[in-house]
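Each chain is listed here by its residues.
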Amino acid sequence: MALTSFAACAVDVLEFNCKRSEKGYTEEYEMKLTLASGTQKAKVFLDGRDLDQSDALGSQTVKNITLARPNILILIEAKFEPEEIMGVSYPAGSVITNITLDPVTGKFKKVEKIQGGILGATIGNGTQTSEESCLLSKAPYKTK
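Residues numbered from 1 in each chain as written. Predicted model: local features only at pLDDT ≥ 70, side-chain atom pairs only at ≥ 80, totals over all residues. Heavy atoms only, no water.

Undergrad: Give me the overall build of the protein: which residues, what numbers.
TA: Within the protein one finds 2 helices and 12 strands. Seen in sequence order, the protein has helices and strands lined up from the N terminus as α-β-β-β-β-β-β-β-β-β-β-β-α-β. In terms of principal-axis extent, the alpha carbons of the protein reach across some 55 × 40 × 25 Å. Counting over 144 residues, the protein shows a buried share of 33%. The contacts in the protein between residues at least 6 apart in sequence include a share of 38% that link residues at least 24 apart. Placing the 17 positive and 18 negative side-chain charges of the protein at their respective mean positions leaves the two points 7 Å apart. (Helix = DSSP H or I, 4+ residues; strand = E, 2+ residues; numbered from the N terminus. Buried < 20%, exposed > 50% of the residue type's maximum accessible area, 1.4 Å probe, protein only. Contact = heavy atoms within 4.5 Å. Lys, Arg positive; Asp, Glu negative; His and termini not counted. Charge placed at Lys NZ, Arg CZ, Asp CG, Glu CD.)

Undergrad: Can you tell me about the sheet that holds strand 5 (residues 53–55), naming the residues and giving the values?
TA: Sheet strands pair by backbone hydrogen bonding; their relative direction is either parallel or antiparallel. Read from one edge of the open sheet, 10 strands run 4-3-2-1-12-11-10-7-6-5, paired in antiparallel fashion. In this open sheet, the two edge strands, each paired with only one partner strand, are strand 4 (49–50) and strand 5. Where strand 2 (residues 25–34) and strand 3 (residues 43–46) come together, 4 bridges link them in antiparallel fashion. Within strand 3, the position partnered with Lys32 by the bridge is Phe45. (Pairing = 2+ DSSP bridges.)

Have a look at this one:
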């Protein structure tokens, strides 16, 4: 089903089977997107785990999921408190993730802007880009 049909059938949920490969390692996972409707905010679930999370170490929030033909655009923001791990102190940090997903071809492009924190110290501050593949696992559907 083409993305142009998604809006026409008032889709609430999109489910994908995804694959990430890097340095000889391949990981497969399920991604479920629930679109915002009424008082419900947009959500992203990876293998059933809600990406909206918050604890004493920081928070991660799905800011937006937008159907922008032919792509799905996802914006996620994470903020991390200062922390100490194995005697090494890391400052507060943040990661802003912009995902572009073409549900027809399965092309999934992730652009992450890393600033500070343990990720900035280990991966480096700045922009990291990666690509994966995510294909629809079932026809888009509406809840209720």
